[in-house]
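Below, each chain spelled out in residue letters.
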Amino acid sequence: MKPTVFAVRALPGGVPAEVTARAELRGGEAKPAPRERIHAEGVEAGILVVTYLDRVDDALLDGLPNVRLVASYGVGVNHVDLPAMARRGVVVTNTPDVLTDATADLAMALLLAAARRVCEGDRLIRAGGWRDAGPEFLLGREVSGKTLGIVGFGRIGQAVARRASGFGMRILYASPRDAGYPGATRTDLDALLATSDFVSLHCPLTDATRDLLSRERISRMKPGAVLVNTSRGPVVDEEALADALADGRLFAAGLDVFRDEPRVPERLRRAENAVLTPHVGSGTVETRTAMGRMVWDEVLRRLTGRPPAFPVVI
Ligand code: DGY
């Protein structure tokens, strides 16, 4: 009898034939399977395939007593209760590296769009509101030569630094570790916030980074700064951010992630100076397909008795 793999939803790129030849695949439809169905159909599964959108915790695993591998699509693992998985002896894998460039590209897109008021201009034209275009019309903020503060300086943070260097930006970063990155200066978070014209968030969501950009810290950002967030929504106090955007303390924000997705606070949706995208940092055909391949590769490794390529270490 073939081992059972349960996939909470379909992944881009489809399931490789090597996997279907070796395992019975259940689930894997476009819409995510509800918990009752996962429990009913996945009870024999030794491998569970999830995405960064699917919560994985004791309550889920209680109904899946045979699961030994959770192969997760995405680099962030804040949706997985890692201590619970460690206690249960369940290995968790993710899909790092492959989405670094796509996510860094989106961070730069949001930075540029927010600084240059791209979406405001677009909305204005569509509404038929472009009449007078005097010298002070729709002025943005210069990007070239400005200081970019990067919070969290792992793979994606460094990829943003490489792109920003091309714009002649001075790079500061705040990180628990010295990255030894030529041309970037490590500093503490408060100094970074006080001196950066642009701040881009690239830290994982953990207990230490939840509410990192608190009201207090937002109030200490350089006046007129632009905040970009492609990491996770709960890193930022959204109410405080909405206040800072409304009173002009911050010039603008570019946000791809929110605290309670897919809900976005009304005040942010109404803020002309907020550029909003729906959590699509890794959202290119190439990257999302490559992420899917990585997940199935982890499944195949397990099915053929090989160690995981990208285990998440707590
Ligand atoms: C991730 O991988 O964690 C992203 O948020 C989705 O690409």
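Because the structure is a prediction, the values reported are computed rather than measured.

Asks: Would you take a moment to explain the overall build of the protein chain for this structure?
Replies: Along its length, the protein chain carries 12 helices and 12 strands. Here the protein chain has a C-alpha radius of gyration of 21 Å; the compact-globule value for 314 residues is 20 Å, and the two agree. Overall, the C-alpha framework of the protein chain stretches about 75 × 45 × 30 Å when taken along its three principal axes. Taken over 314 residues, the protein chain has a buried fraction of 48%. Partitioning the intrachain contacts of the protein chain with sequence separation of at least 6 by distance along the chain shows that 60% fall at a separation of at least 24. Accessible area of the protein chain: about 14,800 Å², with a carbon and sulfur share of 54%.

Asks: I tried to follow the side chain of His79 on my own but got confused; where do I start?
Replies: Note that His79 resides in the loop between strand S4 (69–73) and helix H4 (82–88). Here His79 falls in the buried class, since its relative accessible area comes to 6%. In contact with His79, not counting residues within four places along its chain, are Val50, Thr51, Tyr52, Asp54, Arg55, Val56 and Ser72.

Asks: Sorry, what's going on with the sheet that holds strand S12 (residues 274–276) here?
Replies: Strands pair in a sheet through their backbones, by hydrogen bonds, and they do so in one of two ways: parallel or antiparallel. Here we have 7 strands laid out as an open sheet, ordered S8-S7-S6-S9-S10-S11-S12, and parallel in their pairing. The two strands at the open ends of the sheet, each matched to only one other strand, are strand S8 (184–186) and S12. Ignoring strand direction, the axes of neighbouring strands in this sheet form an average angle of 15 degrees. Two elements, strand S11 (residues 250–255) and S12, share 3 bridges in a ladder whose sense is parallel. By the bridge assignment, Leu255 is partnered in S12 with Leu276. Helix H5 (residues 100–115) contacts strand S6 (147–151), strand S9 (198–201), strand S10 (225–229), S11 and S12 of the sheet and is inclined by roughly 145 degrees relative to S11.

Asks: How do you make sense of unusual backbone geometry when you look at a structure like this?
Replies: Generally, phi is negative for residues other than glycine and the peptide bonds are trans, each holding for most cases. Here the amide bond leading from Glu261 into Pro262 is cis, since omega sits at 5 degrees, within 30 degrees of zero. By the secondary structure assignment, Pro262 is in the loop between S11 and helix H11 (266–270). Even without being a glycine, Leu138 presents a positive backbone phi close to 50 degrees. Here Leu138 is to be found in the loop between helix H6 (118–126) and S6. The phi torsion at His279 lies on the positive side, around 50 degrees, for a residue other than glycine. One can find His279 in the loop between S12 and helix H12 (285–303).

Asks: Hey, could you run me through the domain arrangement of the protein chain in this one?
Replies: Accessible area lost on assembly of the parts is the figure often given for the size of an interface. Looking at the assigned domains, one finds that the protein chain contains domain 1 (4–98 + 286–303) and domain 2 (100–276). On a C-alpha basis, the centres of domain 1 and domain 2 stand 32 Å from each other. Each side of the interface is counted separately: domain 1 has 8 residues, and domain 2 has 5 residues. Sorting the residues of domain 1 by area buried against domain 2 places Asn78, Asp97 and Thr287 first, and these three jointly supply 64% of that buried surface. On the surface where domain 1 and domain 2 come into contact, there are 1 salt bridge. Here Arg155 makes a salt bridge to Asp97, at a shortest N to O gap of 3.4 Å. Summed over the shared surface of domain 1 and domain 2, the number is 3 residue pairs in polar contact (both at pLDDT 80 or more). Looking at side-chain class alone, the side of domain 1 that touches domain 2 contains 4 nonpolar, 3 polar and 1 charged residues.

Asks: How should the packing of H5 against helix H7 (residues 155–165) be read in this particular structure?
Replies: A packed helix pair is summarised by two numbers, namely the angle formed by the two axes and the spacing between the axes. With their axes 8 Å apart at the nearest point, H5 and H7 run at an angle of 55 degrees to one another. As summarised for this structure, H5 and H7 are arranged oblique, according to the angle between their axes. As for the relative orientation of H5 and H7, their crossing is right-handed in sense. Contact with H5, carried on its side by Thr100, Asp101, Thr103, Ala104, Asp105, Ala107 and Met108, involves Arg155, Ile156, Ala159, Val160, Arg162, Arg163 and Ala164 of H7 and no other residues of that element. For the contact of H5 with H7, the class distribution of residues is 7 nonpolar, 2 polar and 5 charged.

Asks: What exactly am I supposed to notice about the environment of Gly42 here?
Replies: Its location among the elements puts Gly42 in helix H2 (residues 35–42). Each C-alpha atom of the pair Gly42 and Val67 lies 8.8 Å from the other, and the pair is 25 residues apart in sequence.

Asks: Could you clarify how one ought to interpret H7 in this entry?
Replies: Helical periodicity: at 3.6 residues per turn, an α-helix aligns residues three or four positions apart in one direction. For H7, every residue scored as buried is listed here: Ile156, Gly157, Ala159, Val160, Ala161 and Ala164. Tucked into the core, H7 has its buried residues touching H5, S6 and strand S7 (170–174).

Asks: What am I meant to see in the sheet that holds strand S1 (residues 4–7) here?
Replies: Pairing is parallel across the open sheet formed by 5 strands, whose spatial order is S2-S1-S3-S4-S5. With partners counted over all chains shown, the strands left at the sheet margins are strand S2 (24–27) and strand S5 (91–93), one partner each. Across the sheet, the mean angle separating the axes of adjacent strands is 20 degrees when strand polarity is ignored. Across 3 bridges, S4 lies against S5 in parallel orientation. Bridging from a neighbouring strand, Val70 pairs with Val92 of S5. Where H2 meets the sheet, its contacts fall on S1, S2 and strand S3 (47–51), and the angle it forms with S1 comes to roughly 170 degrees. Packed onto the sheet, H12 meets S1, S2, S3, S4 and S5 and runs at close to 170 degrees relative to S4.

Thresholds applied
Residues numbered from 1 in each chain as written. Predicted model: local features only at pLDDT ≥ 70, side-chain atom pairs only at ≥ 80, totals over all residues. Heavy atoms only, no water. Helix = DSSP H or I, 4+ residues; strand = E, 2+ residues; numbered from the N terminus. Rg over C-alpha atoms; globule rule 2.2 N^0.38 Å. Buried < 20%, exposed > 50% of the residue type's maximum accessible area, 1.4 Å probe, protein only. Contact = heavy atoms within 4.5 Å. Areas by Shrake-Rupley, 256 points an atom, 1.4 Å probe, with all protein chains shown as cover. Pairing = 2+ DSSP bridges. Axes fitted to C-alpha atoms, helices over the stretch in contact; angles between N-to-C directions. Domains from an automatic or database assignment. Buried area = accessible area lost by both parts, 1.4 Å probe. Salt bridge = Lys/Arg side-chain N within 4 Å of Asp/Glu carboxyl O. Polar contact = N/O pair within 3.5 Å; in protein donor to acceptor, adjacent residues only side chain to side chain. Nonpolar A, V, L, I, M, F, W, Y, C, P; charged D, E, K, R; others polar. Parallel < 35°, antiparallel > 145°, perpendicular 65-115°, else oblique. Left-handed = near helix turned anticlockwise from the far one by under 90°.

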